[in-house]
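Survey of secondary and tertiary structure
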Amino acid sequence: GAGVSQSPSNKVTEKGKDVELRCDPISGHTALYWYRQSLGQGLEFLIYFQGNSAPDKSGLPSDRFSAERTGGSVSTLTIQRTQQEDSAVYLCASSFRQGNQPQHFGDGTRLSIL
Amino acid sequence: ILNVEQSPQSLHVQEGDSTNFTCSFPSSNFYALHWYRWETAKSPEALFVMTLNGDEKKKGRISATLNTKEGYSYLYIKGSQPEDSATYLCAPQTQGAQKLVFGQGTRLTINP
């Protein structure tokens, strides 16, 4: 497709389970970002990839969160032992390259932890 | 932590009226200022990336100005239409960083 694709669009899971969120960036975009928006909060940065490496992981809230990117394309964000405070909309974005480029966002995954 | 403030938090405007709102950010280590429009049930849409002091960008009825010395940007909408209803987000980017630090946004509602 032409835009950033995220799956699933909605995920409901029980506290303590692991979840995996997927992002397929725009073809040819080398930079990929994960953000999240918790209820009542602004968009919060999680992690940035350039190619397959992650030079900035400063936004990951705990060691339960991890992300990887393979083939310079698809990225997965994994949350282990989910907690209720992990409930949020998780957004992925990509840009053509690093620098002052616009970031193009997907529709997000709405994660609800029961 | 970068402190980004947007005002007002919400705004109701009559269709056809013009409006504007503000983004304030730290002026030190400035690299770029991004504006996004986020409509309900859609993904955030990039409006502008601004880098130079005094920069002015325009896209249709929407325009933005930038003052990097004092750390603020204005977004203007001329002749508001119902489709302009959205949350408008600004996000500064500092030197050496790729991440965007978003403000809380201005929620704009256009009344027909």
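What you see is a predicted model; the values in this text were computed from it and never measured.

Cut-offs used in this document
- Residues numbered from 1 in each chain as written.
- Chains lettered and ligands numbered in written order.
- Predicted model: local features only at pLDDT ≥ 70, side-chain atom pairs only at ≥ 80, totals over all residues.
- Heavy atoms only, no water.
- Disulfide = S-S within 2.5 Å.
- Helix = DSSP H or I, 4+ residues; strand = E, 2+ residues; numbered from the N terminus.
- Buried < 20%, exposed > 50% of the residue type's maximum accessible area, 1.4 Å probe, protein only.
- Core = buried A, V, L, I, M, F, W, Y, C linked by side-chain atoms within 4.5 Å.
- Contact = heavy atoms within 4.5 Å.
- 1 Å grid on protein atoms, 1.4 Å probe; cavity = no way out; pocket = protein on both sides within 12 Å on 5 of 7 lines; lining within 4 Å.
- Points joined across faces, edges and corners; volume = space filled by probe spheres on them.
- Nonpolar A, V, L, I, M, F, W, Y, C, P; charged D, E, K, R; others polar.

**A short note on the state of the cysteines**
Under the defined criterion, the tally for this structure stands at two disulfides over all chains. With its sulfur 1.8 Å from that of its partner, A:Cys23 forms a disulfide with A:Cys92. The sign of the S-S torsion, about -65°, decides the handedness of the disulfide formed by A:Cys23 and A:Cys92: left-handed. Of the two residues, A:Cys23 is situated in strand β3 (residues 19-24) and A:Cys92 in strand β9 (residues 88-95); the sequence distance between them amounts to 69 residues. Residue classification places A:Cys92 among the buried positions, given a relative accessible area of 0%. Here B:Cys23 pairs with B:Cys90 through a disulfide, and the sulfurs are 2.0 Å apart. Taking the sign of the torsion about the S-S bond as the criterion, the disulfide between B:Cys23 and B:Cys90, at about 80°, is right-handed. With a gap of 67 residues between them, B:Cys23 in strand β3 (residues 19-24) and B:Cys90 in strand β9 (residues 86-94) connect regions that are remote in the sequence. In this structure, B:Cys23 and B:Cys90 share a single accessibility class: buried.

**A look at the nonpolar core**
B:Phe21, B:Leu33, B:Trp35, B:Phe48, B:Leu75, B:Tyr88 and B:Leu108 are the most contacted members of the largest nonpolar core, which has 22 residues in total. Secondary structure elements with two or more residues in this core: β2 (10-14), β3, β4 (30-38), β5 (45-50), β7 (62-67), β8 (72-77), β9 and β10 (106-111) of chain B. Discounting residues that sit within four places of it in the chain, B:Leu108 has contacts with B:Leu11, B:Val13, B:Thr19, B:Phe21, B:Ile77, B:Asp84, B:Ser85, B:Ala86 and B:Tyr88. In terms of nonpolar packing, the next biggest core, distinct from the first, is built from 19 residues, A:Ile26, A:Phe65, A:Ile79 and A:Tyr90 among them.

**Let's talk about the layout of surface pockets**
The space that makes up the largest pocket amounts to roughly 850 Å³. Contributions of two or more residues to the lining of the largest pocket are made by β9 and β11 (109-113) of chain A together with β9 and β10 of chain B. By residue class, the composition of the lining of the largest pocket is ten nonpolar, 19 polar and five charged.

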